[in-house]
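# Overview (structure and organization)
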Amino acid sequence: VSVKIYHNPRCSKSRQALELLRGQGVEPEIVEYLKTPPDRNALEGILDLLGMEPRELMRRKEPEYKQAGLDNPELTREQLIDAMLAHPKLIERPIVIKDGKRAALGRPPEQVLDVL
């Protein structure tokens, strides 16, 4: 079983999700996505696994969201993904992926247990 968490150690929800995984005896591969952001293929794969559109996986309260005009409904999926790649801080966290086949967004953190 391979479990990966897209993690921000400064985020309490992300830390809680990691603790929940470890409490289940799972030691995930930790990807600090602000230091090593996913590439386009990885991000599109995450969106597909989550069944989400880019805007649903964006932190809409971040200043970068407003500054980049990302609330414009005319932006395409590609343009929104480009913005997430340019500003990884906009990617909601934590995201847990199991075996590259199932994914969950840890909002609330307990949701990450659904993929185990």
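What follows deals with helix α1 (residues 12-23). Taking 1.5 Å of rise per residue, 12 residues should cover 16 Å, and α1 covers 16 Å from first to last C-alpha, within 8% of that figure. For α1, the full list of buried residues reads Ser14, Ala17, Leu18 and Leu21. Taken end-on, α1 shows its buried residues confined to a sector of 100°, consistent with a single buried face. In α1, the exposed residues that point more than 90 degrees away from the buried face are Glu19 and Gly23. Turning to α1, the residues buried within the fold contact β1 (3-7), β2 (29-32) and β3 (95-98). Note on α1: the residue one or two positions beyond its end, glycine 25, has a positive phi of about 80°.

Cut-off values and rules
Residues numbered from 1 in each chain as written. Predicted model: local features only at pLDDT ≥ 70, side-chain atom pairs only at ≥ 80, totals over all residues. Heavy atoms only, no water. Helix = DSSP H or I, 4+ residues; strand = E, 2+ residues; numbered from the N terminus. Expected span 1.5 Å × (residues − 1). Buried < 20%, exposed > 50% of the residue type's maximum accessible area, 1.4 Å probe, protein only. Arc of directions from axis to C-beta. Contact = heavy atoms within 4.5 Å.

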